[in-house]
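# Examining the three-dimensional arrangement
Here is how the chains run, residue by residue.
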Amino acid sequence: MHIPDGYLSPATVVATYLVATPLWVYGFKRLKEILDEETMPLIGALSALSFIIMMFNIPIPGGTSGHAVGVALIAILFNPWIGFVSVSLVLLIQSIIFGDGGISALGANALGMAFVGAFSGYYTFKLLQNKKFAPFIAGWVSAVASSLFIAIILGIQPFWSEGGKPLYFPFDLATTIPALVGSHMLFFGIVEGILTQLVYSYIKDKK
């Protein structure tokens, strides 16, 4: 789901950074409010888990890839702002060190995988928190919602040169939505749900 450099138009890059920047500022304020000797190790461990699972990218049709994220787990254990900031930092490190996702696309990647994923997962869990499988459903919804956002961002990019060559990402919404959303509904979202359910249950049982 990571969008690399060169896939987004300059207008999209600017727009996503303009939206993401104030959200990051507020999110860091929320993170500072809860950081202490008890919360810091757990947030760090969950962020590391997110880093690891996002490195397992599986190519899918439509010019992109899919993977689990782990943001719903952080969101429901703390709050969605913590999930958003934590996974945004993971995405930043991955883009700088491994080139997994581009710096120019960081705003779009963070809005999709971190912000949309965190808030959709968190509020799904809140709605169903008395249900046994609420973490699983929250993880699944988080992954599918993130994939829809990324699919829309990619699908609006096909701008063509006079020679008929794509300037940015070449596939439109008719390709990106079925490819990304379909694969996350049927596979990656299920993986995300299982991961969220298992780790959430383990942590709660330890408390």
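Structure shown above.
Residues numbered from 1 in each chain as written. Predicted model: local features only at pLDDT ≥ 70, side-chain atom pairs only at ≥ 80, totals over all residues. Heavy atoms only, no water.

### As for the packing of aromatic side chains
Following the criterion strictly, the structure yields 14 aromatic pairs and no others. Aromatic ring contacts, followed pair by pair, group Y26, W81, F84, F115, F119, Y122 and Y123 into a single cluster. (Phe/Tyr/Trp six-rings, centres within 6.5 Å; stacked < 30°, edge-to-face > 60°.)

### Observations regarding a nonpolar patch on the surface
A cluster of nonpolar side chains, namely F28, I52, M55, F56, L89, L92, I93, I96, I97, F98 and I103, defines an oily patch on the protein surface of about 1,000 Å² accessible area. Per element, the largest residue contribution to the nonpolar patch is six residues, and it comes from helix α4 (residues 80–98). With respect to the helices and strands, the residue I97 is situated in helix α4. (Patch = residues over 30% accessible without salt bridge, like charges linked within 9 Å, V, L, I, M, F, W, Y side chains within 5 Å. Areas by Shrake-Rupley, 256 points an atom, 1.4 Å probe, with all protein chains shown as cover. Salt bridge = Lys/Arg side-chain N within 4 Å of Asp/Glu carboxyl O. Helix = DSSP H or I, 4+ residues; strand = E, 2+ residues; numbered from the N terminus.)

### Overview of the pattern of salt bridges
Tallied over the entire structure, the rule returns one salt bridge. The partner of R30 in a salt bridge is E33, with the nearest N and O atoms 3.8 Å apart. Pair noted here: R30 and E33 are both in helix α1 (residues 10–34), with a separation of three residues, about one helical turn.

### Describing helix α5 (residues 106–128)
It helps to recall that an α-helix has 3.6 residues per turn; residues three or four apart then point in one direction. Compared with an ideal rise of 1.5 Å per residue, which puts 23 residues at 33 Å, α5 spans 31 Å between its outermost C-alpha atoms and is within 8% of the ideal. Taking the largest bend as the criterion, α5 deviates by roughly 30 degrees, centred on G117. Across the 23 residues that make up α5, a large majority, 17, are buried. (Expected span 1.5 Å × (residues − 1). Bend = angle between axes of the 7 residues up to and from the residue. Buried < 20%, exposed > 50% of the residue type's maximum accessible area, 1.4 Å probe, protein only.)

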